[in-house]
Amino acid sequence: RLASMNRGEAAKRIARLCEEIERHNRLYYVLNAPAISDREYDRLYAELDNLEKQFPDLAAPDSPTRRVGGEPLKEFRSVRHRVPMMSLANTYSRGEISDFHARILKLAPGRQMSYIVEPKIDGLAIALRYESGRLALGCTRGDGTTGDDITANLRTIRSIPLRLAGAAPAVLEARGEVFMPRKGFLALNREREKNGLEPFANPRNAASGSLKLLDPREVNRRPLGAVFYGAGETSGIEFKTHGEMLDRFRALGLPTPPRRWKCRSLEDLFRALEELKEMRPALPFDIDGGVIKVDERDLYDLLGATAKSPRWAIAFKYEPERAETILKSISVQVGRTGVLTPVAELEPVFLSGSTINRATLHNAEEIQRKDIRVGDRVYLEKAGEVIPEITGVNVSARTGKERVFAMPEKCPVCGGDITRAEGEIAFRCENLQCPAQLKRWLRHFAARGAMDIEGLGEAIIDQLVDMKLVADPADLYTLTAAQIAGLERLAEKSAANIIGAIAASKKRDLWRLIFALGIRQVGNKMAQTLEMHFDDMDALASAGNERLEKIHDLGPVAAASIIDFFKAERNRRLIDRLKKAGLNCKSTPALRSAAASLAGKIYVLTGTLAGFSREEAEEQIRRRGGRTSGSVSAKTTALIAGADPGSKLDRARALGVPVIGEEELIKILGE
Ligand code: IVH
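Residues numbered from 1 in each chain as written. Predicted model: local features only at pLDDT ≥ 70, side-chain atom pairs only at ≥ 80, totals over all residues. Heavy atoms only, no water.

Trainee: How would you explain the pairing of strand 3 (residues 115-121) if you had to name every residue and give the values?
Mentor: Where burial is concerned, most of strand 3 is hidden: seven out of the seven residues are buried. With three bridges joining them, strand 3 and strand 9 (residues 261-263) adopt antiparallel strand pairing. Across the sheet, Ile116 pairs through a bridge with Lys262, a residue of strand 9. Two strands pair when backbone bridges link them, and strand 3 and strand 10 (residues 287-294) are joined in this way by seven bridges, in the antiparallel orientation. When the sheet's bridge partners are listed, Ile121 is paired in strand 10 with Ile287. (Buried < 20%, exposed > 50% of the residue type's maximum accessible area, 1.4 Å probe, protein only. Helix = DSSP H or I, 4+ residues; strand = E, 2+ residues; numbered from the N terminus. Pairing = 2+ DSSP bridges.)

Structure follows, in structure tokens:
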């Protein structure tokens, strides 16, 4: 049906699909009431994507398929706000809310007036400018007068409409907050730690760090959301009340705060703020209080503003639960990738339901900024409801005996040198033989997905390192059964078994060894790609930037990391010893041959296969020169569908991508 569509029909269908997709976006993000399954949504999207590929000139610049822009930017352009972006006066006390209310009554005597209370979202203020309903500009608040043009980044946020719904005004500048939901934040940090990157301290920092990225493709991978609660410049649209504005925003497809309270008295306000506080843990994002706004917008001029904030609104911040305790000492932990993290050792104290005796201090800069000294009485708060954090020092309790902390010059675990890369906050122990790192490295080296050494688990590795029997992975290959027979928690026979398993690992494919080396940014897929492109380990070790960057799927960061790794003298020595120990350092000929049976082909897997795990099937494809991908596109050679296929099957069908089963997979692997 698709292939037979003529231009006119295609244009109509494309317009219709854009509208449908935008409508479903609104149902999902704005009204919280999705009407179709993810699968059906993907099908619409795939159909649009496919039609736009057939008729590229019919694809609108703000089509839902074009959220993620092309090239990274060099820098952000500055933009002056036509209407300044003010901030809010803050208070923590009911007394001050009562003063705020009294002041308003005095400034607007005899006026019927009311308030709206809404959550104060802990994110980053932004402004979106829609011209005739189309997103024309998106920028940060900056200093309130000038901000950065981050349109390309904001376009990647699915809850931000590229077009407004219905009859759109000539100009609407919607103001609101970009945030990272707590769940997405935790997942992002897990991912970052896995890749040897520093985790973000809280969702707010993660959101702001994400919007500062110059490559929109990177931003697209960050889980961000947005809500809108204010207006800057407008033309062709007016709102009598704040509540009306929020309703109009919703109707236009802009997400608004998840709850709001209309209040007519101080009692109403206090009740609303209490209710909001109760909801706090159930909200998907962090809030740091509630915002009270006069509902009647015609009072805004009369009420006016101070230099920084309007007199018609005030933020009520929730006092975080807080405790005071003594900082007994600061210890330094060495993480998986050698990052040194200072940790506060505290006099135990009870806070929000648990006893706390340690808290991360993140990094040396943080300690300096907060002027935290050993022996201080410090304030402890629970940030984002979960992680206890030292937020300040009770300076008046100082005796003069407190000591300023300095990062150790040598690694506290191994005594090795500490370095700090340019532009990085983190101090790192660069010694790969550092016991803390070594244990983690060996665990990775021996893992199923890497060298797959059966029986070489955590307990054994810890002892091997502690007893100084192993100082790097090459040492594993010189171990004798007699040396390990005496280790604890080792069954009688298994010393010989482990030695056997270590010996057997010498024959593993080259990609496993490349992956096992633990080069930052090189995961197992990347290792397989590398094996395909190089004859042997030496060829990879001497590859320059130009050669590496030509490889599909390999970005500049990974290339730099590979080059750095092989530049280090100790890594070269390690490779040498691994080679001498008899490990396979050559790539499998099938992988290298240009005539590899699946060269140039791209496969996607879905569902469960009976005879292979997903990883095994992917490896087999890559071995034959094929590529695998996580999503179906027009470039996909075929979708391999096992039992219970997911939405990829629908997408493949919509795109006309061939679908094959396990039998056919076995056949193509055999060819
Ligand atoms: S109104 C002139 N409403 O708080 C009023 N701000 O301290 C401008 N914020 O820069 C802001 N939730 O980043 C408003 N519901 C809300 C808000 C909110 C969070 C942030 C915003 C603003 C800061 C002011």
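Trainee: How would you summarise the sheet that holds strand 10 if you had to cite specific residues and measurements?
Mentor: What the five strands build is an open sheet, ordered 2-11-10-3-9; its pairing is mixed. On the outer flanks of this sheet lie strand 2 (90-91) and strand 9, each paired with one strand and no other. Strands strand 3 and strand 10 of the sheet are contacted by helix 8 (residues 242-252), whose axis makes an angle of about 55° with strand 3. (Contact = heavy atoms within 4.5 Å. Axes fitted to C-alpha atoms, helices over the stretch in contact; angles between N-to-C directions.)

Trainee: A description of the environment of Val404 should follow, citing residues and the corresponding values.
Mentor: By the secondary structure assignment, Val404 is in strand 18 (residues 403-404). As a C-alpha pair, Val404 and Arg373 span 31 residues in sequence and 4.8 Å in three-dimensional space.

Trainee: How would you sum up the packing of helix 1 (residues 7-30) against helix 2 (residues 38-54)? Please name residues and give values.
Mentor: For the pair helix 1 and helix 2, the least separation of the axes is 10 Å and the interaxial angle reads 145°. Helix-helix and strand crossings are classified by hand; for helix 1 and helix 2 the assignment is left-handed. In contact with Ala10, Arg13, Ile14, Leu17, Cys18, Glu20, Ile21, His24 and Asn25 of helix 1, helix 2 contributes Tyr41, Leu44, Tyr45, Glu47, Leu48, Leu51 and Glu52. Here the residues of the contact of helix 1 with helix 2 are counted per class, giving ten nonpolar, two polar and four charged. (Left-handed = near helix turned anticlockwise from the far one by under 90°. Nonpolar A, V, L, I, M, F, W, Y, C, P; charged D, E, K, R; others polar.)

Trainee: Describe the site of the ligand, and please don't skip the residues or the numbers.
Mentor: Around the ligand sit 14 residues in total, of which Glu118, Lys120, Ile121, Glu177 and Lys293 are the nearest. Contact distances for the ligand include 3.0 Å between an oxygen atom and a side-chain N or O atom of Lys120. One of the side-chain N or O atoms of Lys293 is found 2.9 Å from a nitrogen atom in the ligand. For the ligand, whose free accessible area comes to 520 Å², the fraction covered by protein is 86%. Counting residues per element, the ones that place at least two in the shell around the ligand are strand 3 and strand 10. (Near = heavy atom within 4 Å. Polar contact = N/O pair within 3.5 Å; in protein donor to acceptor, adjacent residues only side chain to side chain. Areas by Shrake-Rupley, 256 points an atom, 1.4 Å probe, with all protein chains shown as cover.)

Trainee: Kindly report on empty space enclosed by the protein, identifying the contributing residues and their values.
Mentor: Empty space left among the atoms is revealed by rolling a probe the size of a water molecule over them. Tallying each qualifying case throughout the model produces two cavities of 30 Å³ or more. Empty space within the largest cavity amounts to approximately 120 Å³. Surrounding the largest cavity, 14 residues form its lining, Glu22, Asn25, Arg67, Pro161 and Leu162 being those nearest its centre. Here the lining of the largest cavity takes five residues from helix 1, the largest share from any one element. In the lining of the largest cavity, the residues fall into six nonpolar, three polar and five charged. (1 Å grid on protein atoms, 1.4 Å probe; cavity = no way out; pocket = protein on both sides within 12 Å on 5 of 7 lines; lining within 4 Å. Points joined across faces, edges and corners; volume = space filled by probe spheres on them.)

Trainee: Can you lay out the nonpolar core for me, pointing to particular residues and giving the numbers?
Mentor: With 55 residues, the main nonpolar core has Ile453, Leu476, Leu530, Met537, Leu548 and Phe566 as its most contacted residues. Ranked by residues supplied to this core, first place goes to helix 17 (residues 510-516) with six residues. One finds Ile126, Leu211, Phe228 and Leu254 within the second-largest nonpolar core, a separate group that totals 32 residues. (Core = buried A, V, L, I, M, F, W, Y, C linked by side-chain atoms within 4.5 Å.)

Trainee: Describe the pattern of salt bridges, naming the residues involved and giving the relevant values.
Mentor: If you walk through the whole model with that rule in mind, you get 50 salt bridges. Asp650 is the salt-bridge partner of Arg39, the closest N and O atoms lying 3.4 Å from each other. Within this pair, whereas Arg39 is found in helix 2, its partner Asp650 is found in helix 25 (residues 648-655), the two being separated by 611 residues in sequence. Judged by relative accessible area, which is 36%, Arg39 ranks as partly exposed. In this structure, Asp564 and Lys567 form a salt bridge, with 3.8 Å as the shortest nitrogen-oxygen distance. Of the two residues, Asp564 and Lys567 are both situated in helix 21 (residues 556-567); the distance of three residues between them amounts to about one turn of the helix. Residue Lys567 is classed as exposed on the basis of its relative accessible area, which comes to 59%. Salt bridges linked by common partners bring Glu22, Asp62, Arg134 and Arg163 together as one network. (Salt bridge = Lys/Arg side-chain N within 4 Å of Asp/Glu carboxyl O.)

Trainee: Before we move on, can you summarise the sheet that holds strand 23 (residues 638-641) with the specific residues and values?
Mentor: Strand order in the open sheet formed by four strands is 22-21-23-24, with parallel pairing between adjacent strands. Here the strands that pair on one side only, and so sit at the sheet edges, are strand 22 (627-629) and strand 24 (659-660). Note: strand 21 (residues 602-606) against strand 23, four bridges, orientation parallel. Residue pairing in the sheet places Leu605 in a bridge with Ile640 of strand 23. Docked against the sheet, helix 24 (residues 614-623) engages strand 21, strand 22 and strand 23, running at close to 170° with respect to strand 21.

Trainee: Explain helix 26 (residues 662-670) to me, using residue names and the numbers behind them.
Mentor: Residues of helix 26 that are buried: Glu662, Leu665, Ile668 and Leu669. Buried positions in helix 26, seen along its axis, are confined to an arc of 120° and lie on one side of it. Of the exposed residues in helix 26, those oriented more than 90 degrees away from the buried face are Glu663, Lys667 and Gly670. Contact partners of the buried residues in helix 26: strand 21, helix 24, strand 23 and strand 24. (Arc of directions from axis to C-beta.)

Trainee: Would you mind going over the packing of aromatic side chains in detail, with residue names and values included?
Mentor: In the structure shown here, the tally under the stated rule is seven aromatic pairs. Aromatic side chains Tyr28 and Tyr29 sit 4.8 Å apart centroid to centroid with 80° between the ring planes, which places their arrangement in the edge-to-face category. For Tyr29, a relative accessible area of 30% translates into the label partly exposed. Aromatic pair Phe239 and Phe249: ring centres 6.0 Å apart, planes at 90°, arrangement edge-to-face. Here Phe239 is found in the loop between strand 8 (225-235) and helix 8, whereas its partner Phe249 is found in helix 8, with ten residues between them in sequence. Residue classification places Phe239 among the buried residues on the basis of a relative accessible area of 9%. Seen from the ring of Phe270, Arg94 lies directly overhead, with NZ or CZ sitting 4.5 Å from the centre. (Phe/Tyr/Trp six-rings, centres within 6.5 Å; stacked < 30°, edge-to-face > 60°. Lys NZ or Arg CZ within 6 Å of the ring centre and 35° of its normal.)

Trainee: Explain the packing of helix 3 (residues 94-107) against helix 9 (residues 266-279) to me, and be specific about the residues and the numbers.
Mentor: Running from N to C, helix 3 and helix 9 cross one another at 140°; their axes reach a closest spacing of 11 Å. In terms of orientation, helix 3 lies oblique with respect to helix 9. In this structure, the crossing between helix 3 and helix 9 has a hand that is right-handed. Together, Arg94, Ile97, Ser98 and His101 of helix 3 and Leu266, Leu269, Phe270, Leu273 and Glu274 of helix 9 make up the contact between the two elements. (Parallel < 35°, antiparallel > 145°, perpendicular 65-115°, else oblique.)

Trainee: Account for the layout of surface pockets, naming residues and giving values.
Mentor: A volume near 780 Å³ is recorded for the second largest pocket. Around the second largest pocket, the lining is made up of 30 residues, and of these Tyr28, Tyr29, Asn32, Ser159 and Phe179 lie nearest the centre. When contributions to the lining of the second largest pocket are tallied by element, the ones reaching two or more residues are helix 1, helix 7 (216-220) and strand 8. Of the residues belonging to the lining of the second largest pocket, the class tally is 20 nonpolar, seven polar and three charged.

Trainee: Run through the side chain of Asn394, naming residues and quoting values.
Mentor: With respect to the secondary-structure elements, Asn394 resides in the loop between strand 17 (387-393) and strand 18. Residue Asn394 is classed as buried on the basis of its relative accessible area, which comes to 14%. Of the polar contacts made by the side chain of Asn394, one reaches the side chain of Glu324; its length is 2.9 Å.

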